[in-house]
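# Descriptive analysis of the structure
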Amino acid sequence: MQLRYNYRAYPDAAQRRALARAFGCARVVWNDCLRDRKEAHAAGLPYVKSADLSRLRITQAKHTEERAWLADVSAVVLQQSLRDLDTAYKNFFDSVKGKRQGRKVGAPRYKSKKDTRQSIRLNTNAFSLQDDGTVYVAKVGHLKVKWSRRLPAAPTSLTVTEDGCGRYFLSFVVDAEPDILPELETESGIDLGLSVFAVLSDGRKIASPRFLRRAEKKLKSLQRELSRKVKGSKNRAKARVKVARQHARVADRRRDWHHKVSTQVIRDNQAVYVEDLAVSGLGRTRLAKSVHDAGWSAFVGMLEYKAVRHGRTFAKVGRAFPSSQVCSACGFRDGPKPLHVRQWTCGQCGTAHDRDHNAARNVLIEGRRIVAAGRVETPNASWSAGKTRTKVPAQRVEAGSPRKGQPAQAGIPGL
C-alpha cells in the first residue's frame, strides 16, 4: 500500500525564489493547457491530446519570447503539471459517467498566483535524498529538512508545498508493506457528536477538544487588526500572514489529535464501525462552526486507511439508519427525539438509555450485520484484509506515527 509522509522544509532566500519560479511555471502550464481544451470544446473540436499539449505548451513554448522563462525550471515539474491536469479531467469524466463513487467532481479550474496553497510534484528523476540529510530538488538545490521520523521505504514521488503562512513542506509517497496487528476479539461502534466528540459502544466517551473555539479570542484580535490595515499595503500582508499562522496552528493541533485518537481506536479493536454523516449538509446549518471544528470527515478517513494498513475491518453505516430511535436492547423503534433529549426509556422493554451510548451500540449491531451480509464496500471488507498485496492509493494527509518497538528499515542514510 502507499503512504504519505510530510516534513517541514527550510529553504534559504535563493531556494525560495527558485521554488516561486517553479510554482509559477507549473501554474502557467496548467492554465495554458486548460485554456486550449476549453477553447477546443467551445469550438466543437475533438479533445486535445496530452502529447499535442506537451509539444505546444512546453517544448515549443520554451523557444518563444513570452514563455522563454519556462526553461528556468525542471522539465519534470512542467510535465507533472500536465499529468495532474489529465488526472483532473479523468476524475471529472468518470464522475459524470457514474464510474467514480462519492461526491460529484467538477471540471478543472484555472489556478491563481493568489491561491493560499502553491505546489509542484516531482518524480524520482527530479529529486534525491542525500547522505547529509538534505533533499536535492532539480534546479532548486539542497533543501534543509526537519526529519521528525524516518521514511519506511524509498519514496516514489515528492510534492513540494507552500501554505498560506509561508511554510514549506515536502510530502513523500512511499510503497510500504501492511503492518498487520495481532487479532483481537473486541469490536467497536462509534457515534460522533459535538458535545462529546465520540462515544464508543463499550461506554467510553472521547471529549471534544474544540481547538477552534479555544483559539477564537486570539483569532478575533488578529482579524480585527487585519481589517484596520489599508488594502494593498505591506502591513496588511503581514497581518494576513499572522491570521493564517494562527489558523494553521489550529489545523495542526486538530490533525495531530485525530491521528492519536484514530490510531488508538484501531489498535484496541479488530473491527470499527461508524455512521456515515452528511458533513457537507451539516456544514450549512447554524452548527457549521462546531461541525467543521470537530473534523469528522478527516477522522473517519484516518480510521479507514489505518484499518487497511493494520488489517482491521472497517465499515460505514448508512446515514439513514435510525441509530437514535431504536432500542439497542430489544430492537423496538421508539420514534424520533429532539436533540435536547439525552436520556430516554424504551417504551417496550423499559430499558433506560443514554442517547449517544445507545446510538453507538446500534451502529455496532448494524455494522456487524453489514459485514455478515458481505455488503461492505471498503477495501478491507473481509477479516483477511491487509494480508494481500492490493494496491491502495496514498491518502491525502500524512500517515500516522509508526508503532513503538517497530523501527523503520529504510530512511535517510545520514540521519
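Analysis parameters
Residues numbered from 1 in each chain as written. Predicted model: local features only at pLDDT ≥ 70, side-chain atom pairs only at ≥ 80, totals over all residues. Heavy atoms only, no water. Helix = DSSP H or I, 4+ residues; strand = E, 2+ residues; numbered from the N terminus. Buried < 20%, exposed > 50% of the residue type's maximum accessible area, 1.4 Å probe, protein only. Lys, Arg positive; Asp, Glu negative; His and termini not counted. Charge placed at Lys NZ, Arg CZ, Asp CG, Glu CD. Contact = heavy atoms within 4.5 Å. Axes fitted to C-alpha atoms, helices over the stretch in contact; angles between N-to-C directions. Parallel < 35°, antiparallel > 145°, perpendicular 65-115°, else oblique. Left-handed = near helix turned anticlockwise from the far one by under 90°. Nonpolar A, V, L, I, M, F, W, Y, C, P; charged D, E, K, R; others polar. Core = buried A, V, L, I, M, F, W, Y, C linked by side-chain atoms within 4.5 Å. Pairing = 2+ DSSP bridges. pLDDT = per-residue confidence, 0-100. Salt bridge = Lys/Arg side-chain N within 4 Å of Asp/Glu carboxyl O. Disulfide = S-S within 2.5 Å. Phe/Tyr/Trp six-rings, centres within 6.5 Å; stacked < 30°, edge-to-face > 60°. Lys NZ or Arg CZ within 6 Å of the ring centre and 35° of its normal.

A few words on the overall build of the protein. In terms of regular secondary structure, the protein is built from ten helices and 15 strands. The C-alpha extent of the protein, read off along each of the three principal axes, is 80 × 55 × 55 Å. By residue count, 45% of the 415 residues in the protein fall in the buried class. Here the protein carries 79 positive and 39 negative side-chain charges, and the mean point of each set is 6 Å from the other.

This paragraph deals with the side chain of His258. With respect to the helices, strands and loops of the structure, His258 is situated in helix H6 (residues 234-268). On the basis of relative accessible area, His258 is assigned to the buried category, the value being 2%. The contact partners of His258, leaving out residues within four places of it in the chain, are Phe197, Ala294, Gly295, Ala298, Phe299 and Met302.

Moving on to the packing of H6 against helix H9 (residues 296-310). Two numbers describe how H6 lies on H9: the axes approach to 9 Å, and their chain directions differ by 45 degrees. By the angle between their axes, H6 is oblique relative to H9. Like other packed secondary-structure pairs, H6 and H9 cross with a definite hand, here right-handed. Where H6 abuts H9, its residues Arg255, His258, His259, Val261, Ser262, Thr263, Val265 and Ile266 lie against Ala298, Phe299, Met302, Leu303, Tyr305, Lys306, Ala307 and His310. Grouping the constituent residues of the contact of H6 with H9 by class yields nine nonpolar, five polar and two charged.

Further remarks concern the nonpolar core. With 50 residues, the main nonpolar core has Ile120, Leu122, Val135, Leu158, Val160, Leu170 and Phe172 as its most contacted residues. Of all the secondary structure elements, the ones that give two or more residues to this core are strand S1 (2-9), helix H1 (13-42), helix H2 (50-59), helix H3 (75-97), strand S2 (118-123), strand S4 (135-137), strand S7 (155-162) and strand S8 (168-175). Looking at this core, the element that brings in the most residues is H1, giving eleven residues. When neighbours within four sequence positions are excluded, Leu158 is seen to be in contact with Ile120, Arg121, Leu122, Phe127, Val135, Val137, Leu170, Ser171 and Phe172. The next biggest cluster of nonpolar side chains, apart from the first, holds 26 residues, and it includes Leu192, Leu200, Phe211 and Val265.

Glancing now at the pairing of strand S12 (residues 271-275). Within S12, five of the five residues are buried, which leaves it mostly tucked inside the rest of the structure. Every second residue of S12 is oriented toward a common face, with Ala271, Tyr273 and Glu275 on one face and Val272 and Val274 on the other, all of them buried. Here five bridges tie S12 to strand S13 (residues 313-317), and the two strands are oriented parallel to one another. Looking at S13, one finds that Val274 is bridged to Lys316.

A few words on the confidence of the model for the protein. Averaged over all residues, the pLDDT of the protein equals 88, while 90% of them reach at least 70. Confidence over residues 377-390 falls short of pLDDT 50; this stretch has 31 contacts with residues more than four positions distant or in other chains. Counting interchain partners and residues more than four positions distant, the pLDDT-below-50 stretch residues 401-415 has 27 contacts.

Turning next to the sheet that holds S1. What the five strands build is an open sheet, ordered S2-S7-S8-S1-S6; its pairing is antiparallel. Every interior strand has two partners, whereas the edge strands, S2 and strand S6 (145-146), have only one. Sheet topology places S1 next to S6; two bridges connect them, and they run antiparallel. Bridge assignment links Arg8 to a residue of S6, and that residue is Lys146.

The subject of this paragraph is the pattern of salt bridges. On inspection of all chains with the given rule, the structure shows 19 salt bridges. For Arg37, the salt bridge identified is with Asp86, shortest N-O distance 2.9 Å. Remark: Asp86 occurs in helix H3 and Arg37 occurs in helix H1; sequence separation between them is 49 residues. Its relative accessible area of 4% is what places Arg37 among the buried residues. A salt bridge links Glu216 to Lys289, with the nearest nitrogen and oxygen atoms 2.9 Å apart. Note that Glu216 is positioned in helix H5 (residues 216-227) and Lys289 in helix H8 (residues 288-294), a separation of 73 residues in sequence.

Turning our attention to the state of the cysteines. Under the defined criterion, the tally for this structure stands at zero disulfides. Free of any disulfide, Cys33 has its nearest neighbouring cysteine sulfur in Cys25, separated by 13 Å. Note on Cys330: no disulfide assigned, nearest cysteine sulfur contributed by Cys349 at a separation of 3.6 Å.

Time to look at the packing of aromatic side chains. Counting across every chain of the model gives eleven aromatic pairs. Measuring from centroid to centroid gives 5.9 Å for Tyr47 and Phe93, while their planes differ by 70 degrees, and the two rings are edge-to-face. One end of the pair, Tyr47, is in the loop between H1 and H2; the other, Phe93, is in helix H3, and 46 residues separate them in sequence. Among the residues examined, Tyr47 registers a relative accessible area of 44% and is labelled partly exposed. Chaining the aromatic ring pairs together yields one cluster made of Tyr7, Phe127, Trp147 and Phe172. In this arrangement the basic side chain of Lys111 is found over the ring face of Trp30, its NZ or CZ atom lying 4.1 Å from the centre. Just above the ring of Trp344 sits the side chain of Lys337; from NZ or CZ to the centre is 4.1 Å.

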